[in-house]
Amino acid sequence: MMISKELNEMINAQIGHEFEAASQYLQLAAFFDARALKGMAKMFMKQAEEERGHGLKFVKYVMETGGELKVPAVPAGKTGFASAEEAIQYALDWEWEVTRRVNALMDLAIKQNDHLAREFLGWFVSEQLEEVSHTDALLRVVKQAGEKNLLMLEAYLAHD
Ligand SMILES: [Fe+2]
Ligand SMILES: [Fe+2]
């Protein structure tokens, strides 16, 4: 077995968080689709796919290292956002939370001198830079444009 019990358990939990993110991003896609903001809806659909992909990467790692896979139950995503700003802020807070979790996984890998896990987790550490900065940029655009000018978001995405 090339994975410690402690890291195995943390990764199992992370698989749940990734699938929860996928579910949350589908809800955000629906929020923007309901407002006919197709570009935003499409972007969040793609994000949902990516989060599912992240979950699967962790699944594969547990399998390859001979760990025990336990996919947790996935909580329902939040709905009923009052504004686009609130919806995007929620996504940004989520990505910050994920960043903390990925860092905690890396902290454990370092503590355990698990070089294989460090190599594997490095990808997720870098990925979070993209996720946080992209979502933060969206939030800045929506704040500048205001809720009455959400088409600016679509224009922003078109040139992203
Ligand atoms: Fe993710
Ligand atoms: Fe993400």
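Every value quoted in this text rests on a predicted model; they were computed, and no experiment measured them.

A. Up close: the overall build of the protein chain. Counting secondary structure elements, the protein chain contains five helices and zero strands. Dimensions of the protein chain, computed from the C-alpha atoms along their principal axes, are close to 55 × 25 × 20 Å. When the 160 residues of the protein chain are sorted by exposure, 29% land in the buried category. Of the contacts formed within the protein chain by residues at least 6 apart in sequence, a portion of 75% connects residues at least 24 apart.

B. Quick peek at the environment of E50. With respect to the helices, strands and loops of the structure, E50 is situated in helix 2 (residues 38-64). As for E50 and I88, which are separated by 38 residues in sequence, their C-alpha atoms are 17 Å apart.

C. Structural view of the packing of helix 2 against helix 5 (residues 151-158). At their nearest, the axes of helix 2 and helix 5 sit 8 Å apart, and the two run at 55° to each other. Judged by the inter-axis angle, helix 2 sits oblique to helix 5. Where helix 2 abuts helix 5, its residues G39, M40 and M43 lie against L153, E154, L157 and A158. For the contact of helix 2 with helix 5, the residue count by class is five nonpolar, one polar and one charged.

D. Looking closely at the nonpolar core. If you look at the biggest cluster of nonpolar residues, it comprises 36 residues, and the most contacted ones within it are Y25, L28, A29, F32, M40, F44 and L121. Elements that contribute at least two residues to this core include exactly helix 1 (5-34), helix 2, helix 3 (84-111) and helix 4 (115-145). Considering every element that reaches this core, the biggest residue donor is helix 1, with eleven residues. The contact partners of A29, leaving out residues within four places of it in the chain, are A41, F44, M45 and A48.

E. The packing of helix 1 against helix 2, seen in detail. With their axes 8 Å apart at the nearest point, helix 1 and helix 2 run at an angle of 170° to one another. Relative to helix 2, helix 1 is oriented roughly antiparallel. Seen along the crossing, helix 1 lies across helix 2 with a hand that is left-handed. The residue makeup of the contact of helix 1 with helix 2, split by class, is 19 nonpolar, five polar and four charged.

F. Main features of the environment of E127. Position of E127 among the secondary structure elements: in helix 4. With 28 residues separating them in the primary sequence, E127 and T99 have C-alpha atoms 9.2 Å apart.

About the thresholds
- Residues numbered from 1 in each chain as written.
- Chains lettered and ligands numbered in written order.
- Predicted model: local features only at pLDDT ≥ 70, side-chain atom pairs only at ≥ 80, totals over all residues.
- Helix = DSSP H or I, 4+ residues; strand = E, 2+ residues; numbered from the N terminus.
- Buried ≥ 20, exposed ≤ 12 C-beta atoms within 10 Å, placed from the backbone.
- Contact = placed C-beta atoms within 7 Å.
- Axes fitted to C-alpha atoms, helices over the stretch in contact; angles between N-to-C directions.
- Parallel < 35°, antiparallel > 145°, perpendicular 65-115°, else oblique.
- Nonpolar A, V, L, I, M, F, W, Y, C, P; charged D, E, K, R; others polar.
- Core = buried A, V, L, I, M, F, W, Y, C linked by C-beta atoms within 7 Å.
- Left-handed = near helix turned anticlockwise from the far one by under 90°.

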